[in-house]
Amino acid sequence: MKHCPDFKYDLKIGVAKEIELLNIFETKTIEVKYDRKAHITKNIFIEYESRDTPSGISKTHADYYCIIIKELFHIIPTDILKQKCRKYLGTSRDKLGGDNNTSRGILLPITEIIY
């Protein structure tokens, strides 16, 4: 994007982004995930299976995921989050977790959603 020091230009872009965010909250579904340890581990656990049954991101109907790390809310389209997770299937980041390790999920580096 070309830099423009004109306030009117910045305001126009800002208003457009406000409308885009409002549209997400008014017309889309959002799944919220709060990870208490992500700021320490630098990973978020994205569940895709529980007790040998698809769950979590595999079953969601949400348009977006809102991943909360400490006090920051990161909104990401679900299809993009799925793409980021798929590349780790079958790797050392494909882990057991959840209650009594009955779930499978991807330990996704937070740098995949915060850049």
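### Here we look at the sheet that holds strand β4 (residues 64-69)
Turning to step 1, where the next piece is worked out: Ordered in space as β1-β4-β5, the 3 strands form an open sheet in which the pairing is mixed. Looking along the sheet, the strands with just one partner apiece sit at the ends: β1 (30-34) and β5 (72-77). Going from strand to strand, the sheet's axes swing by 25 degrees on average, the running direction of each strand aside.
Turning to step 2, where the next piece is worked out: Judged from the 6 bridges that link them, β4 and β5 form a sheet pairing that is antiparallel. Of the residues in β5, the one forming a bridge with I68 is F73.

### Considering the pattern of salt bridges
Turning to step 1, where the next piece is worked out: Taken as a whole and assessed by the stated rule, the structure comprises 4 salt bridges.
Turning to step 2, where the next piece is worked out: A salt bridge links E112 to K84; the shortest N-O distance between them is 3.9 Å. On the criterion of sequence distance, the pair formed by E112 in the segment after β7 (103-109) and K84 in helix α3 (residues 78-86) is long-range, its members being 28 residues apart.
Turning to step 3, where the next piece is worked out: Taking the relative accessible area as the measure of exposure, E112 reaches 13% and is therefore buried.
Turning to step 4, where the next piece is worked out: Note on K84: relative accessible area 18%, which makes it buried.
Turning to step 5, where the next piece is worked out: Across the pair K87 and E112 runs a salt bridge whose closest N-O atoms are separated by 3.1 Å. Of the two residues, K87 sits in the loop between α3 and β6 (94-97) while E112 sits in the segment after β7, which places them 25 residues apart along the sequence.
Turning to step 6, where the next piece is worked out: In this structure K87 comes out as exposed when scored by relative accessible area, which is 52%.
Turning to step 7, where the next piece is worked out: In the salt-bridge network here, residues are joined through shared partners; they are K84, K87 and E112.

### Considerations on the side chain of S103
Turning to step 1, where the next piece is worked out: For S103, the location among the structural elements is in strand β7.
Turning to step 2, where the next piece is worked out: Within the local environment of S103, its side chain forms a polar contact with the side chain of S50, the two groups lying 3.3 Å apart.
Turning to step 3, where the next piece is worked out: Dropping the residues within four chain positions of it, S103 is found in contact with F45, E47, E49, S50, K95, L96, G97 and G98.

### Let's talk about the nonpolar core
Turning to step 1, where the next piece is worked out: In terms of nonpolar packing, the biggest core is built from 16 residues, with I44, I46, I67, I69, L81, L108 and I113 touching the most fellow members.
Turning to step 2, where the next piece is worked out: Those elements giving two or more residues to this core turn out to be β2 (43-50), β4, α3 and β7.
Turning to step 3, where the next piece is worked out: Those residues in contact with I113 that sit more than four places away from it in its chain are I44, I67, I69, H74, I76, L81 and L108.

### Here's the deal with the pairing of β6
Turning to step 1, where the next piece is worked out: As paired strands, β6 and β7 are joined by 4 bridges and run antiparallel to one another. Residue pairing across strands places L96 opposite R104, the latter belonging to β7.
Turning to step 2, where the next piece is worked out: The hairpin formed by β6 and β7 contains 5 residues between the paired strands, and G98 there has a positive phi angle of roughly 75 degrees.

What counts as what
Residues numbered from 1 in each chain as written. Predicted model: local features only at pLDDT ≥ 70, side-chain atom pairs only at ≥ 80, totals over all residues. Heavy atoms only, no water. Pairing = 2+ DSSP bridges. Helix = DSSP H or I, 4+ residues; strand = E, 2+ residues; numbered from the N terminus. Axes fitted to C-alpha atoms, helices over the stretch in contact; angles between N-to-C directions. Salt bridge = Lys/Arg side-chain N within 4 Å of Asp/Glu carboxyl O. Buried < 20%, exposed > 50% of the residue type's maximum accessible area, 1.4 Å probe, protein only. Polar contact = N/O pair within 3.5 Å; in protein donor to acceptor, adjacent residues only side chain to side chain. Contact = heavy atoms within 4.5 Å. Core = buried A, V, L, I, M, F, W, Y, C linked by side-chain atoms within 4.5 Å.

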